[in-house]
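Topology and contacts: notes
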Amino acid sequence: MDNLLLLYQAPTILLQLVVDGLLVGAVFALAAYGMALVWGVMNIINVSQGEYVILGGYISYFLFRQFGLHPLLGLPIAGLALFLLGLLLYRVVIHRIVGRDMFISLLATFGISILLQQLMNELFGPDVVSVDAGMPTWYFLGNAVTVPTAKLLAFGVVLAIAALLVAGLRYSRLGQAIRATAQNARAARVLGVDTDRVYAATYALNAALCGMAGSLVVMIWVIHPFIGLTYTVRSFMIVIVAGLGNLPGVFATGLGLGALEQIAGFVLGAEFQSAFVFSLLVVILIVRNAWLRRRREYLS
Amino acid sequence: MSARLQRLSAPAWTGLIVAGLVVPWLFPHHLTVFAFAWCMVVLALSWDICGGQMGYNSFGNIFFFGIGMYACAVVQRDLWHGVASGQAQLVLTAPQYLIGLGLGLVAGVVAAVALAFLLGSQILGMRGHYFAICTLGLGIAAGEIATGVDFIGAGSGMVTPLMPAGLPGKEIFYYAFFMLLALFALWLLSRLYAGRFGLALNAIRDNEDKAEAMGLPTVAYKTTAWAVSAALLALAGGGVGNLVGFIDPIDVAFAGASFGVWMILMAILGGKGTLWGPLIGAFLFYAAKEVTWTYFLGWQRVMLGALIVIIVVFFPEGIMGWLRERFPARFGGAPASETQEDRS
């Protein structure tokens, strides 16, 4: 708890943590929006979300190591690769669980998550990896607050992707079909929407979003094969706090979570950062449930 | 349980007990493997109380397993040699060991049941996937927190006392422990499911709102069911801690990626929501795992992931469900748990 006092005495540290957190939180929001999309359209909670993020990160890392490709150029490739993986997984597994008991989809995607986790462990090794983007760092307030350009750039990329996504969902034919299916799959089917194709596209799009988020994570942070579940949990927390289909809310919550995590990591010690994420999930769910109970409702 | 199924249960019990008694004679050198087989039965049965019978699919029941393991180990460590006497291997006399183990198991059960009531009153208010994900977070958070707590050895783990001379060997001792525990769990659950308690759980699974409207105290039943599950898991955890001899916070105690997933998988494989299904699933899965695991060195968890997907997607009703569908005259009666309606 000494660090808490330190935060009070040196507010620039707090500012630094918040800035760091906000910049990282944008990436959380991207993965969370993908989860909200799949949840809203297909009524599936994709537990393998985090593994897609990490896999995207590893693809960027691999391209950087092998061909010296900058992670920002690796980003579209990772997105495309994950899009194809999402399509494949939809065709093999996911299309069989759409519309079934939610527990089945939870467990099946959990199985995919374990599978991918171990596959990455075998392919890339269990070490913590990162890509040095080789970009300058900006200093503020007499060098007390540093802002790496890489993080700033990642933030901008997230904004660009989010803008593209919103425009795509609003104006493109497929986006309209996705929204129609989310509202009422049966009615959409009656009106000639091929919902199976919509589901496949939604799932693959989500995987691509995660893959792109992963490319950013490897550039501004670190990845290793077993960290995926924290991203799933973060996405889930952001979605339940912000609500489904609320992009500004998802974005704001993602930023808030990022800042909160940085501060908690500093106060409690870095070894408790994962513990904090998972405990926060339990606390948020309990608080939300208690809040609903006052209106004699429950989380479902 | 239908009358016909009832008639099958006496031979099943006899076969189980005979097999359990014969195994030490046939395979005296592999008793640890068989002790774990009985342990799997306990895990699968305890998961099925909430997951199968009550329709509350917990992903984090391993939480109670780890709590029981740590509570038991801490009592065993600190009872005779003062508090937190370091990491050195403890040497105890036979009576000290037995008393320590007994009190440790009691402490584990008390801790787990208390936590089940405390957390259950909040967490069991959630439905469906919120409950599943909340318990998932609970199990992992506990492991992550245990990695940072020095009192229980933090990330470097904890050592349980050595088996003292004068007692039967560790393997046969814990084989007997887990066999008795598994049989006790099976007997306890067969009694509980046969009565009002089982009916209440099934009513909650089938339609909780209607059950509540009929005047059923659902919260009390739900927390009690979770507490029973927690007590069995704490006993199993205390035993496993001593059998393995070393408690790692994430790989042994809060082992969500192995025991935690296996218990769900075993219950589903055998047929969730039935008494004998989890037992069948546990033996089958554990046998398959023991035979094949060594051939997939490093790839076991890839296999595990694939296995989860295959079983869950193609075989969600499990063996008992399949038997019911195939031989309704013999195994029929109550419909399988698939009557559970989609609560989304």
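Since the model is a prediction, treat every value here as computed from it, not as a measurement. Within each chain, residues carry numbers counting from 1 in the order of the written sequence. As a convention, the first chain written is A and the first ligand written is 1, with the rest following in written order. Predicted model: local features are reported for residues with pLDDT of at least 70 only, side-chain atom pairs are reported and counted for 80 or more only, and whole-chain, interface and lining totals are derived from all residues. Side-chain measures here rest on the full set of heavy atoms in the structure, leaving out hydrogens and waters.

**Some words on the overall build of chain B**
A count of helical and extended segments in chain B gives 15 helices and two strands. Radius of gyration: over C-alpha atoms. The globule rule applied is 2.2 Å multiplied by the number of residues raised to the 0.38 power. For 344 residues, the compact-globule estimate of 2.2 N^0.38 gives 20 Å, and chain B sits close to it at 20 Å. Categorising residues by exposure relies on relative accessible area from a 1.4 Å probe, with only protein chains included: less than 20% of the type maximum marks a residue as buried, more than 50% marks it as exposed, and the intermediate range marks it as partly exposed. Within chain B, the proportion of its 344 residues that are buried is 57%. Note on contacts: a residue pair qualifies if any of its non-hydrogen atoms lie within 4.5 Å across the two residues. The contacts in chain B between residues at least 6 apart in sequence include a share of 81% that link residues at least 24 apart. Shrake-Rupley sampling with a 1.4 Å probe provides the accessible areas, and residues are treated as covered by the protein chains on show and by no other component. Summed over all atoms, the accessible surface of chain B reaches about 13,600 Å², with 70% contributed by carbon and sulfur. His is not counted here, nor are the chain ends, while Lys and Arg score as positive and Asp and Glu score as negative. Charge placement uses NZ in Lys and CZ in Arg. For Asp and Glu, CG and CD serve respectively. Each charge class in chain B can be summarised by its mean position, and for the 17 positive and 17 negative side chains these summaries are 11 Å apart. Secondary structure follows DSSP: runs of H or I at least 4 residues long count as helices, runs of E at least 2 residues long count as strands, and numbering of each begins at the N terminus.

**Regarding the overall build of chain A**
Counting its secondary structure elements, chain A contains twelve helices and two strands. Shown N-terminal to C-terminal, the secondary structure of chain A runs as helices and strands in the order α-α-α-α-α-β-β-α-α-α-α-α-α-α. A globule of 300 residues ought to have a C-alpha radius of gyration of about 19 Å, and chain A, at 19 Å, matches this closely. Sorting the 300 residues of chain A into buried and exposed places 55% on the buried side. Residue pairs at least 24 apart in sequence account for 75% of intrachain contacts in chain A once pairs closer than 6 positions are excluded. Counting only carbon and sulfur atoms, one obtains 65% of the accessible surface of chain A, whose full area is about 12,700 Å². With 17 positive and 12 negative side-chain charges, chain A shows a separation of 16 Å between the mean positions of the two kinds.

**Regarding helix α7 (residues 196–206) of chain B**
Residues and elements named next belong to chain B. Those residues of α7 that fall on the buried side of the exposure criterion are Phe 197, Gly 198, Ala 200, Leu 201, Ile 204 and Arg 205. Within α7, the buried residues cover an arc of 160° as seen down the axis, which keeps them to one side. Facing away from the buried surface of α7 by more than 90 degrees, the exposed residues are Arg 196 and Leu 199. On its buried side, α7 packs onto α2 (31–53), α6 (170–194), α8 (208–213) and α9 (218–244). To be clear, the arc concerns the directions from the helix axis to the C-beta atoms.

**Overview of the packing of helix α4 (residues 94–123) of chain B against α9(B)**
Residues and elements named next belong to chain B. At a minimum axis separation of 8 Å, α4 and α9 run at an interaxial angle of 145°. As α4 packs across α9, the resulting crossing turns out to be right-handed. Counting all contacts with α4, which are made through Tyr 97, Leu 101, Leu 105, Gly 108, Val 109, Ala 112, Val 113, Ala 116, Phe 117, Leu 119, Gly 120 and Ser 121, the residues of α9 involved are Thr 223, Thr 224, Trp 226, Ala 227, Ala 230, Ala 231, Ala 234, Leu 235, Gly 238, Gly 239 and Asn 242. Basically, the charged four are Asp, Glu, Lys and Arg, the nonpolar ten are Ala, Val, Leu, Ile, Met, Phe, Trp, Tyr, Cys and Pro, and anything else, Gly included, counts as polar. For the contact of α4 with α9, the per-class residue count stands at 15 nonpolar, eight polar and no charged. A fitted line through C-alpha atoms represents every axis, and for helices the fit uses only the stretch in contact; the resulting angles, taken between N-to-C directions, go from 0 to 180 degrees. Rotating anticlockwise by less than a right angle from the far helix to the near helix defines a left-handed crossing, while the corresponding clockwise rotation defines a right-handed one.

**Re the pattern of salt bridges**
When charged atoms on two side chains of opposite charge get close, those side chains can pair. The term salt bridge refers to a pairing of a side-chain nitrogen on Lys or Arg with a carboxyl oxygen on Asp or Glu at a separation within 4 Å. One pass over the full model with this rule turns up nine salt bridges over all chains. Across the salt bridge formed by Arg234(A) and Glu261(A), the nearest N and O atoms sit 2.7 Å from each other. Here the residue Arg234(A) occupies a position in helix α10 (residues 228–242), and Glu261(A) occupies one in helix α11 (residues 247–268), the gap between them amounting to 27 residues. Judged by its relative accessible area of 5%, Arg234(A) falls in the buried class. With a shortest N-O distance of 2.9 Å, Lys289(B) and Glu290(B) are connected by a salt bridge.

**Some thoughts on the UniProt feature "transmembrane region" (unreviewed entry) in chain A**
UniProt positions are given in the numbering used here, feature names are shortened, and annotations may be inferred rather than shown by experiment. Here, UniProt's "transmembrane region" (unreviewed entry) annotation points to residues 13–38, 73–90, 102–120, 140–169, 203–224, 236–260 and 272–291 of chain A. Annotated as 95% helix and 0% strand, the span residues 272–291 of chain A places its first and last C-alpha atoms 27 Å apart.

**Observations concerning the layout of surface pockets**
Residue and element names in this part refer to chain B. Approximately 1,200 Å³ is the volume found for the largest pocket. In terms of residues, the lining of the largest pocket owes the most to one element, helix α11 (residues 256–270), which gives seven residues. Grouping the amino acids of the lining of the largest pocket by side-chain chemistry returns 24 nonpolar, 13 polar and four charged. Site definitions follow a grid-based scheme: protein atoms alone, a 1 Å grid, a 1.4 Å probe that fits but cannot get out for cavities, and for pockets an open set with protein on both sides within 12 Å along at least five of seven lines, plus lining residues having an atom within 4 Å of a point. Grid points are joined across faces, edges and corners, and a volume is the space filled by probe spheres set on the points.

**Things to note about the confidence of the model for chain B**
All names here are of chain B. Mean pLDDT over chain B works out to 85, with 92% of the residues at or above the 70 mark. As a per-residue measure, pLDDT tells how confident the predictor is, with possible values from 0 to 100. Within the model, pLDDT remains below 50 along residues 335–344, and this stretch shows 20 contacts once partners closer than five positions in the same chain are excluded. Interface confidence for the predicted complex, expressed as ipTM, amounts to 0.86; the pTM equals 0.88.

**Describing helix α3 (residues 62–81) of chain B**
In this model α3(B) runs 29 Å from its N-terminal to its C-terminal C-alpha over 20 residues, within 8% of the 28 Å that 1.5 Å per residue would give. Among the 20 residues in α3(B), 16 count as buried, and that is most of the element. A helix is expected to span 1.5 Å multiplied by its residue count minus one.

**Description of the UniProt feature "transmembrane region" (unreviewed entry) in chain B**
All names here are of chain B. As recorded in UniProt, the sites labelled "transmembrane region" (unreviewed entry) are residues 7–27, 33–51, 58–77, 97–118, 130–152, 172–189, 224–246 and 302–323. Counting secondary structure, residues 58–77 comes out at 80% helix and 0% strand; the distance between its end C-alpha atoms is 31 Å. The span residues 302–323 shows a helical share of 86% and a strand share of 0%, and its end C-alpha atoms are spaced 29 Å apart.

**Topic: the nonpolar core**
Counting 217 residues, the largest nonpolar core has Tyr52(A), Phe236(A), Leu43(B), Phe178(B) and Phe259(B) as its most contacted members. By residue number, the principal contributor to this core is helix α2 (residues 11–42) of chain A, which donates 16 residues. Contact partners of Phe236(A), with chain neighbours within four places excluded, come to Met35(A), Trp39(A), Ile45(A), Leu281(A), Leu285(A), Tyr130(B) and Ile133(B). The definition of a nonpolar core used throughout is a set of buried Ala, Val, Leu, Ile, Met, Phe, Trp, Tyr and Cys residues joined through side-chain atoms within 4.5 Å.

**Comments concerning the environment of Thr146(A)**
Residues and elements named next belong to chain A. Secondary-structure assignment places Thr 146 in strand β2 (residues 145–148). Among the residues examined, Thr 146 registers a relative accessible area of 25% and is labelled partly exposed. In sequence terms Thr 146 and Gly 249 are 103 residues apart; their C-alpha atoms lie 27 Å from each other. Excluding residues within four positions of it along the chain, Thr 146 makes contact with Gln 16, Thr 137, Trp 138 and Tyr 139.

**Digging into unusual backbone geometry**
Among all residues except glycine, the phi angle is most often negative; among peptide bonds, the trans geometry is most common. Located in the positive-phi region is Asn43(A), a residue other than glycine, with phi close to 55°. Look at Asn43(A) and you get partly exposed, because its relative accessible area is 32%.

**Considering the pairing of strand β1 (residues 137–140) of chain A**
As defined by bridge partners, β1(A) adjoins β2(A) across four bridges and the pair is classed as antiparallel. In the strand pairing of β2(A), Phe140(A) is matched with Val145(A). By the convention used here, strands pair only if DSSP detects at least 2 bridges between them.

**Notes on the interface of chain A and chain B**
Taken together, the 43 residues of chain A in the interface contact 44 residues of chain B. Using a 1.4 Å probe, buried area is obtained as the accessible area two parts lose upon being combined, added over both of them. The contact between chain A and chain B buries some 4,100 Å² in all, and 74% of this surface belongs to carbon and sulfur atoms. On the chain A side of the contact with chain B, Phe103(A), Leu107(A) and Tyr298(A) bury the most area, a combined 14% of that side's loss. Applying the counting rule to chain A against chain B returns zero salt bridges. Polar contacts here mean pairs of N or O atoms no more than 3.5 Å apart (in protein, one a potential hydrogen donor and the other a potential acceptor; neighbouring residues in sequence count only if both atoms are side-chain atoms). In this structure, the connection of chain A to chain B is made through five residue pairs in polar contact (both at pLDDT 80 or more).

**Concerning the side chain of Gln53(B)**
All names here are of chain B. Along the chain, the position of Gln 53 falls in helix α2. Among the polar contacts made by the side chain of Gln 53, one reaches the main-chain carbonyl oxygen of Gly 273 at a distance of 3.2 Å. Not counting residues up to four positions away in its chain, the partners in contact with Gln 53 are Asp 48, Tyr 193, Leu 201, Asn 202, Arg 205, Gly 273, Thr 274 and Leu 275.

**A short note on the packing of aromatic side chains**
All names here are of chain B. Planes of paired rings set the category: under 30 degrees apart is stacked, over 60 is edge-to-face and the rest tilted, where pairs are Phe, Tyr or Trp rings (Trp by its six-membered ring) whose centres lie within 6.5 Å. All told, the structure shown has 30 aromatic pairs over all chains when counted by the stated rule. An aromatic cluster of at least three residues, connected via ring pairs, comprises Tyr 56, Phe 63, Phe 64, Tyr 70, Phe 131, Trp 226 and Phe 254. Here the guanidinium or amino end of Arg 77 rests over the ring plane of Phe 151, the centre of that ring lying 4.9 Å away. Charge-over-ring placement is defined geometrically: NZ (Lys) or CZ (Arg) within 6 Å of the ring centre, and within 35 degrees of the ring normal. One residue, Arg 326, lies across the ring of Phe 327, its end atom 5.2 Å from the ring centre.

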